[in-house]
Every structure is written in structure tokens, then in C-alpha cells.
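Overview (structure and organization)
So the chains spell out like this:
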Amino acid sequence: MSDIIEIPAFLRELLIKEYPNDSARIFRGFVRRPVTLRANTLKATAEEVALALNGMGVSFSRMPWYEDAFLLDRTDGRDIAGSPLFSEGKIYLQSLSSMLPPLFLAPKAGESVLDMTAAPGGKTTQLAALSGGRALITACEKDRVRFGRLKFNLARQGAAKVNAMQADALKLDGFFRFDKILLDAPCSGSGTLAPGERAKISPELVKNCARTQKALLKKGLGLLKDGGVLLYSTCSVLKEENEEAVAFALSEGAALLPLKPLAGLPLLPSPAGTVTVCPDETFEGFFLAMLQK
Ligand code: SAM
């Protein structure tokens, strides 16, 4: 696989403009990362997973901020994907950054939770695991093929109680109200560029994503109970998709609940109370903000 990273010229210029002191760090962070995974506690404890990995001769390190997260010492995950641990749903291959939104949302038993844009389901199954399978989770996905992946992953991960629906979240019936909503929005993916992959990011894509993100945010806020919270996340570091989306939510009457970044996260400058993760050798670029109705 090629080690050459192709960053579209418009994106390079935009990142330099938006992060004058950090753009070089961002560009250095567009690398191939080691395999990371989450122990699926609906099926196995983190200690069982650690023992099984040891038994396979796989070296790993653990994260101080999440006992279920594992960082392997390799970038090739083929043997892991072929292992019983994987096929039995005891682990889920997931980037470290994408484990953050469910951790911050922290679903509890009995809470009604909506995952608005859910496929392939890494975060839905993590939400189920974090609540011990006892949160009342609805997972919504518009795309038919991706919905199939979501259903498959829910079954394999033992998150059978999740109510999965193939639907456009923008058309969800306003009759329902949720305690917590995860909006892991469709985005340009500007935080996840990697060598050997041709980045398909264009100014038009960023604009379209920003428009969709605002529409989903408005809908999500409308589906919250009074006092309920919505965790907004993207795997982009662009301000149009992140801080402008949050400013829009605030203009719609939401309040920002400040997030306390977890120890050890590589951070970029971010509006007060929000978290922007800088891409580096272990983390993808990511954005998180918690909004309250
Ligand atoms: N949260 C997922 C996970 O961790 O596995 C990843 C979600 S991905 C960033 C965004 C998803 O939103 C895509 O699967 C896309 O098809 C879906 N999507 C986009 N617009 C939607 C809409 N209006 N309603 C429901 N799903 C939508």
C-alpha cells in the first residue's frame, strides 16, 4: 500500500487557514494507524478479551480513559478479523476516536436513546454495551445496504433489544421523545485521511454535509425531551461542519453542556466546551459537542 497521502489543495489551504498553528500537526496525523478494538461487554469482559489476544500472541496496550479499548501493535487486522473473538462478536473493530461519543453520552438503564444515523453500528452497539443492554435504544439508518450491516452487527454483537429502523431520520414521527440522542453525523471525513486512499473531499461535499448536519441537528433537538441531551459528533475537523453546526444549534435554543476532554487525547483548538481531536498516530480527527434542550 502506498505511503503517499493526497490532500486536495482546497483542503490543505482551508486547514492552514483554520489552524494556522496546528496544520502541520494535522498533516502529520494523516497516517495509517494501528488496529484498535473494543471489548463487547455484552458478550465478553475486557479481561477475557485480553487473555484471548495474549493467547493469539497479539501485543496490545490499554487506554487509561476506557478499560474496554485496545490498541494493537500492528496496522494489519486480518488475523483479528478471522478470529473467533471477532466472528462471535466479543470484539468490535473501532477507531479510538469513534469510541468517544457513546462514552460522553453515557446511556443508563431505562433511558430512551436514539442513534439517529447509526450504520454500521459501532456506536449503537457500544451504547448498548455501556448501559449493560438496559437502555431503550432506537437506531435509525436511511441507507438500505448500510441498514443491512447495522442489523447484522446488532445481531452479532448481542444487541438484540435495539429497535432498528430503516428510515430517514429527518422524517421521524415527532410524537416520540428521547432522553438522549446521538447524532454521529454524515460528514466529509476530513479528520480521517490516510495514505493510499484518494480523498474524495470537495468544497461541494463540505457544503452539502454542513446543510445535512444542520437539518439533522434541528430535527434531533425537536425529538429530545425537555432537559434531554444530544451528542453531536463528526469525523471532520472543519469548522463549517463543527463549530458552525453548534452555533446553529445554539441559535435554535439549545444550550451547550461543556465536555471535559479525557486525559491523553491529542487536541486541536476548539470552541469552549467542545472537543476537537487532532489526527495523530493513534487517533482519527474528530469533533464532539454536547447540547441540551
Ligand atoms: N454512527 C455510525 C457508527 O459508528 O457505526 C456511523 C454513522 S456514519 C458517520 C453516518 C450515517 O448516517 C451513514 O450510514 C448514512 O447513511 C446515515 N444517514 C445520512 N443521512 C441520514 C438520514 N437523513 N437519516 C438516517 N441516516 C442517515
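Report follows, based on the coordinates. All values derive from a computational prediction rather than experimental measurement. Here the residue index of a chain counts from 1 through its sequence in written order. Reporting in this predicted model follows two pLDDT cut-offs: at least 70 for local features of residues, and 80 or more for side-chain atom pairs to be given and counted; totals over whole chains, interfaces and linings ignore these cut-offs and use all residues. Heavy atoms throughout the structure, all of them, feed into the side-chain values; hydrogens and water do not.

A word on the packing of aromatic side chains
- Within 6.5 Å between ring centres, the rings of Phe, Tyr and Trp (the latter by its six-membered ring) count as paired, and their orientation is classed by plane angle as stacked under 30 degrees, edge-to-face over 60, tilted in between. According to the stated counting rule, one finds 5 aromatic pairs in the structure shown.
- Here the aromatic rings of F60 and F70 are separated by 5.2 Å at their centres, their planes lie at 70°, and the arrangement is edge-to-face. Within this pair, whereas F60 is found in strand β2 (residues 60-63), its partner F70 is found in strand β3 (residues 66-72), the two being separated by 10 residues in sequence.
- Consider the rings of Y232 and F287, whose centres lie 6.3 Å apart with planes at 70°: the pair is edge-to-face. Placement of the pair is Y232 in strand β9 (residues 224-234) and F287 in strand β13 (residues 286-292), with a sequence separation of 55 residues.
- Three exposure classes are used, based on accessible area relative to the maximum for each residue type with a 1.4 Å probe and protein chains only: buried under 20%, partly exposed in between, and exposed over 50%. The exposure class of F287 is buried, given its relative accessible area of 1%.
- These aromatic residues form a ring-pair network of at least three members: W65, Y66 and F283.
- Note that R12 overlies the ring of F27, its terminal NZ or CZ placed 4.7 Å from the centroid. Secondary structure elements follow DSSP: runs of H or I no shorter than four residues count as helices, runs of E no shorter than two count as strands, and numbering proceeds from the N terminus. Each ring is checked for a lysine NZ or an arginine CZ that lies within 6 Å of its centre and within 35 degrees of its normal; such an atom marks a charge sitting over the ring.

Regarding the sheet that holds strand β4 (residues 91-93)
- Pairing is antiparallel across the open sheet formed by 4 strands, whose spatial order is β2-β3-β1-β4. The open sheet terminates on both sides in strands that have one partner only, identified here as β2 and β4. Across the sheet, the mean angle separating the axes of adjacent strands is 30° when strand polarity is ignored.
- The criterion for strand pairing is that DSSP finds at least two bridges linking the strands in question. Pairing between strand β1 (residues 36-39) and β4: 3 bridges, direction antiparallel. Bridge pairing in β4 links R38 to Y92.
- Residues are treated as being in contact if the distance between any of their heavy atoms lies within 4.5 Å. To define axes, lines are fitted to C-alpha atoms, for helices over the stretch in contact only, and angles between the resulting N-to-C directions are given on a 0 to 180 degree scale. Along the sheet, helix α3 (residues 46-55) contacts β1, β2, β3 and β4; its crossing angle with β3, the most-contacted strand, is approximately 20°.

Some remarks on the pattern of salt bridges
- One side-chain nitrogen of Lys or Arg within 4 Å of one carboxyl oxygen of Asp or Glu is enough to make a salt bridge. Counted under the stated rule, the structure contains 12 salt bridges.
- For the salt bridge of E111 with K180, the shortest nitrogen-to-oxygen distance reads 3.0 Å. Placement of the pair is E111 in the loop between α6 (100-105) and β5 (112-115) and K180 in strand β8 (residues 178-184), with a sequence separation of 69 residues. Of the two residues examined, E111 and K180, each falls in the buried class.

Notes on helix α8 (residues 144-156)
- Helix span is expected to be 1.5 Å times the residue number reduced by one. With 13 residues, α8 should reach 18 Å at 1.5 Å per residue; the first-to-last C-alpha distance of 19 Å fits that figure.
- Listed in full, the buried residues belonging to α8 are F147, L150, N153, L154 and R156.
- Looking at the packing, one finds that the buried side of α8 touches α5 (84-87), β4, α7 (122-130), β6 (136-141) and β7 (163-166).

Let's talk about the environment of K200
- Structurally, K200 is set in the loop between β8 and α9 (203-222).
- On the basis of relative accessibility, which here comes to 76%, the residue K200 falls in the exposed class.
- Considered as a pair, K200 and S190 are 10 residues apart in the sequence and their alpha carbons are 9.5 Å apart.

Some points on the pairing of β9
- Within β9, 8 of the 11 residues are buried, leaving the element largely enclosed by the surrounding structure.
- Looking at chain direction, β8 and β9 are connected through 6 bridges and run parallel. Following the sheet pairing, D184 is matched in β9 by S233.
- Alignment of β9 against β13, held across 6 bridges, turns out to be antiparallel. The partner of Y232 across the bridge, within β13, is A289.

Thoughts on the site of the ligand
- In the region of the ligand, 19 residues are neighbours, and E141, R146, D168, A169 and D184 sit closest.
- Distance and chemistry together define a polar contact, namely a pair of N or O atoms within 3.5 Å, with one atom able to donate a hydrogen and the other to accept it when in protein, and with adjacent residues in sequence counting only for side-chain atoms on both sides. At 3.0 Å, a backbone N or O of G121 approaches an oxygen atom of the ligand.
- A distance of 2.5 Å is found between an oxygen atom of the ligand and a side-chain nitrogen or oxygen belonging to R146.
- Burial of the ligand by the protein chains amounts to 87% of its free accessible area of 610 Å².
- Here the term charged refers only to Asp, Glu, Lys and Arg, the term nonpolar to Ala, Val, Leu, Ile, Met, Phe, Trp, Tyr, Cys and Pro, and the term polar to all other amino acids, Gly among them. In terms of residue class, the shell around the ligand is built from 9 nonpolar, 3 polar and 7 charged. Near residues are defined by distance, with any heavy atom within 4 Å of the molecule or strand qualifying the residue. All accessible-area figures derive from a Shrake-Rupley calculation using a 1.4 Å probe, and residue coverage is judged against the displayed protein chains alone.

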